[in-house]
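Fold and geometry: a report
Listed below are the residues making up each chain.
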Amino acid sequence: MSADVPHLPTEVRAAGLTLQQAAAVELRGSSVHLSSGAGCGKTHVLTARYLSHIKNDRSSVGQLVAITFTERAAREMRERIRGSFRKERDQSSTEHRTFWEDRLEELESAPINTIHSFCGNLLRQYPAEMGIDPQFEILDEVLSLNVRWEAIREELQSLLLEESDAGNSLRALTQLFGWYKIQNSVLHLIEELDQGAWSDFLNLSEAEYRARIASLKIQLLKRYCRFLLTSDPTSVKYLTILLKSRYEGNLLPVKVREAIEQLQALSSASNLQQAYEELHKTLLGPKEIIAQLVDPEEAENVKEALKGFRDSLKNKLDAFLENESGEWSFNDFEVAQQFVRVALAVNDGYSRRKKDRAVLDFNDLLVMARDLLKNHPDVREELAQKYSFILLDELQDTDPTQMELVRLICDTGLKYGKLFAVGDAKQSIYRFRGADVFLFNELRNEMPEPGQLDLSTNFRSQKPILDFVNTLFRKVFDSYVPLEAFDRPVLEYPNVEFLWSFPEVEAASEKVSVEETRQAEGRLIARRISELLQSKEERIWDSKTRTFRPVRAGDVTILFRSMSNVQLYEEALRYYGIDYYLIGGRAFFAQQEIYDVLNVLRIVENANDSIALAGLLRSPMAGLNDQSLFLLRQSSGDLWDCLFSESLPSLPPDQMEALKTIRTFLKHWSNIKDHVSIHDLLVRIIEDTGYDAALQFEFLGDRKLANLWKLVELARRFDQAGFFTLTDFIERLAELVENEPKEEQAATQPENADVVKLMTIHQSKGLEFPVVIIADYNRKKSSPVGQQVKWQRYFGCVSSPPQDEDPLPFSDQNWRLAAIADRMEDDQEELRVLYVACTRPRDLLILSAGFNKFNQERNPYVHMAKLDPNSWLLKLGQKFDIRTGEILQLVPEDLPISIRVISETDKGIAQAPYEKSRKIPGKLPDMSRYKPLDNLL
Ligand SMILES: Nc1ncnc2c1ncn2[C@@H]1O[C@H](COP(=O)(O)OP(=O)(O)OP(=O)(O)O)[C@@H](O)[C@H]1O
């Protein structure tokens, strides 16, 4: 590795980097921690740095490791590096061309990959050290879940009879929770396995545990009170009404400020209960306050808000106020330890199963690679010799094991020039996978000062979008560095739009479902896209021609927080005749085609499953209609008997034909099922029934077909794994259908097709699009229900008592406190997700939401508060009048932003002039087949 480079290589300056970027590319001698806002060229700089190691440090491709976190990002990074090499080759003199040709060839096998594949390769090089089979297979998410379930079932069964601590723990837990809940709880726990922390937790004495919780509780209360005042949508909504009401006299603000101060002082109160009661009294709202309000409507608002704020505080502070020493029949700490003991025993069984089958899951790859480096200094040394520079993208998404790995790979070079790490703390959005943004900041503080670098010039978005982002997030993130716009032409059209829709209601009291509001929103989005596509307005910047051009379908991307309701938006797009491409919808296992396959397999496996049989008969595989099914049912009690009886009911000829055909097939499939692989059986079923062709002609046919083939592929992987039978496959599939793990739906069109794209915000990370619509902006986050136990990083294991028992068998106080700690972190993460979304567009950002109805409030703050905001809308409404787009409470840093607000009722959407000019399909697709099966049975 070369030492300091004394002067700036001119090639780098010529590459068109900013001074900030060039500094990051050129620094040597110190490692670099490059922190940057979105779109400031992190990946761009990382690519330039890679190139500069080849050019200026004379490194070979094999000496450079580039690591990122997703396959997509790794592909993109390799592509960008390849592009930069090609450029070098094309600009080189003849004698240097071969140099770059060779580097390009080496690049194909260069270590530019995800951290998981880096670890996988490492383990294959040193299998003996870790005692693993070098030919190990990697279990993906779905298959590892299967093996985990198998371990849970079998290990719990044998533990139940075992005389051991774990056995005793399981028996005690079963009495408390019942068998079913234990299984799910154990699954939940082992997915969060943190072996070291678990052993520490088991070694804690009760006194140590209680002391730890007591100190945590005080720290938590302090943070929580601040959170309630600034970020909790419910309490902030009431506070907003109280503080922003128009009043005469000063009693209300005085009282509210007094309450705020009391709330802030709670965590240092010597007697918490007493301090809380004082606060409660302040908020009781003396009559004089109301009397000072001129406007009766305002008086009503204030009265409601005072009560709402009081009740919400009581509810939220409850967990802190309770006395721990209640009369409980069980001890919460013991229950938590019992869970950990059982989960550890099951996890041992899971590890054994993996070892026997020579398979590793994703987590094993990281943990084992970490242990390999930790426990084998010789391997560490070899690696240090082999790799001169480590380039790491998306540092903010590292989890503790990954960070340990990075430290071990860099070894003594960690601070001294070996590591080049880039990231953005504001874009850390993988907490649910264990990412911890704290690690990002911690590493920064360890770096020598010259290596702590920043980027703040954004090359992606038009200036007004950045002004909007800065205004919205300035107060949201600590030490926010505003994004500066790269100098380029700006449009006269507003680059930010609010798109608010609400269904038309007859009477003010009429209730509107969330689904209806989303449908109206979908229609307004589709209408707006259609308007943009028809418009001749030149609003998309083309960097090649350096001019603006009109919007094309492929410019538009709709981003979702969650894909659960995406079909409502898809329907609207189809209704408007807009082609689109759904990137990996999450609910793969919740699709009708998956149910259909499950039904047919169930019936082939077990003829007595009449629910599955009914499902099969009415699916396109058999093609019977409800009337025929009804007649079949009537003619005999049992559907199967009737299907195979001599005397069939009289059915129309086509239905009779369909019935006889499926009967023949069913006999045939049952005969071959034990002699062919699961994959072949499935393919045979599809071929016999022409199911693939039938799906093709349905609504969203392409995607259904792609999903079907994805399922066939899953069956092939089951066969390949070699240890699953058809019964296993059916059982696992049924579980997957029930639990809906995060499996993406199959892709149907190339991602670069010129059609509108729909994806989650997580999938959009690192990407950019000309037009971005953030849909479902006011979506409320649903909280998990029915969970019995969880691992919380500060509290350790906490368990929730069975809620149907009165009194509760053990205290749920720690469970609730741990939930509060998680809730606050989740809230921060939600805002980071919003930041990622708002920083994706280049030319136009549209925020869209469907509301019940707009209330008539004149005061913008009260208006917003009454919409019952989620955390996104809360932040938006604190800074903007969401009805007009005006900035509220200007501060000197705020720049004027022109925001276009479109708000429409359903009727308004339907009456839009351009809709009439569109060719609209006659009717929406017939979804009647999707009604639940139990209607029939
Ligand atoms: N010096 C530069 N000159 C011109 N364009 C640049 C420069 N640096 C970056 N860009 C462009 O800016 C855009 C954003 O760059 P890049 O994707 O590398 O940013 P990023 O920081 O990784 O973004 P994010 O954090 O949002 O993923 C890209 O289109 C990139 O080509």
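As shown above, the structure is provided for reference.
Model, not experiment: these values are computed from the prediction. (Residues numbered from 1 in each chain as written. Predicted model: local features only at pLDDT ≥ 70, side-chain atom pairs only at ≥ 80, totals over all residues. Heavy atoms only, no water.)

Description of the site of the ligand
In the region of the ligand, 17 residues are neighbours, and Gly16, Gln21, Lys42, Arg460 and Arg840 sit closest. Residue Arg460 places a side-chain N or O atom 2.7 Å away from an oxygen atom belonging to the ligand. In the complex, the protein chains occlude 83% of the 630 Å² of accessible area that the ligand would expose alone. The leading source of residues in the shell around the ligand is helix H3 (residues 42-56), at three residues. Tallied by class, residues from the shell around the ligand come to four nonpolar, eight polar and five charged. (Near = heavy atom within 4 Å. Polar contact = N/O pair within 3.5 Å; in protein donor to acceptor, adjacent residues only side chain to side chain. Areas by Shrake-Rupley, 256 points an atom, 1.4 Å probe, with all protein chains shown as cover. Helix = DSSP H or I, 4+ residues; strand = E, 2+ residues; numbered from the N terminus. Nonpolar A, V, L, I, M, F, W, Y, C, P; charged D, E, K, R; others polar.)

Digging into the packing of helix H12 (residues 206-230) against helix H13 (residues 233-244)
Where H12 meets H13, the axes come as close as 6 Å, and the angle between the chain directions of the two elements is 55°. Comparing the axis directions of H12 and H13 gives the class oblique. In contact with Leu228, Leu229 and Thr230 of H12, H13 contributes Ser235, Val236 and Leu239. (Axes fitted to C-alpha atoms, helices over the stretch in contact; angles between N-to-C directions. Parallel < 35°, antiparallel > 145°, perpendicular 65-115°, else oblique. Contact = heavy atoms within 4.5 Å.)

Some thoughts on the packing of aromatic side chains
Scanning the model with the defined rule gives 30 aromatic pairs in all. Here Phe177 and Phe810 contribute two aromatic rings whose centre-to-centre distance is 6.3 Å and whose plane-to-plane angle is 75°, an arrangement assigned as edge-to-face. A residue pair is termed long-range when its members are at least 10 positions apart, and Phe177 in helix H9 (residues 165-177) and Phe810 in the loop between strand S19 (796-799) and helix H36 (813-838) qualify at 633 residues. With relative accessibility at 8%, the residue Phe177 sits in the buried group. Judged by relative accessible area, Phe810 falls into the buried class, the value being 0%. Consider the rings of Phe665 and Trp669, whose centres lie 5.5 Å apart with planes at 15°: the pair is stacked. In this pair, Phe665 and Trp669 are both assigned in helix H30 (residues 653-672), four residues apart and thus about one turn of the helix distant. Residue Phe665 shares its accessibility class with Trp669, and that shared class is buried. Here the basic side chain of Arg103 rests over the ring of Phe99, its NZ or CZ set 4.5 Å away from the ring centre. (Phe/Tyr/Trp six-rings, centres within 6.5 Å; stacked < 30°, edge-to-face > 60°. Buried < 20%, exposed > 50% of the residue type's maximum accessible area, 1.4 Å probe, protein only. Lys NZ or Arg CZ within 6 Å of the ring centre and 35° of its normal.)

Re the sheet that holds strand S11 (residues 496-502)
Pairing within the open sheet is parallel, and its seven strands lie in the order S15-S16-S14-S17-S20-S11-S21. Sheet topology places strand S15 (580-582) and strand S21 (899-905) at the edges, where each strand pairs with a single neighbour. Within the sheet, the average angular offset between the axes of one strand and its neighbour, ignoring direction, is 20°. Strands in contact with H36 are strand S14 (556-560), strand S17 (769-774) and strand S20 (841-850); relative to S17, the strand with the most contacts, it is inclined by about 145°. (Pairing = 2+ DSSP bridges.)

So, H12
With 25 residues, H12 should reach 36 Å at 1.5 Å per residue; the first-to-last C-alpha distance of 35 Å fits that figure. Taken as a whole, H12 has its buried residues at Tyr209, Ile213, Leu216, Lys217, Leu220, Leu221, Tyr224, Cys225, Phe227, Leu228 and Leu229. (Expected span 1.5 Å × (residues − 1).)

Details of the sheet that holds strand S8 (residues 452-455)
Pairing in this open sheet of six strands is parallel, and the strands run S3-S2-S6-S7-S1-S8 from one edge to the other. Edge positions in the sheet fall to strand S3 (112-114) and S8, since each of these pairs with one other strand and no more. Sheet twist, expressed as the average angle between the axes of neighbouring strands with direction ignored, equals 20°. Of the strand pairs in this sheet, strand S2 (residues 64-68) and strand S6 (residues 389-392) are connected by four bridges, and their pairing is parallel. Residue Ala66 lies in a different strand from S6, and its bridge partner there is Leu391.

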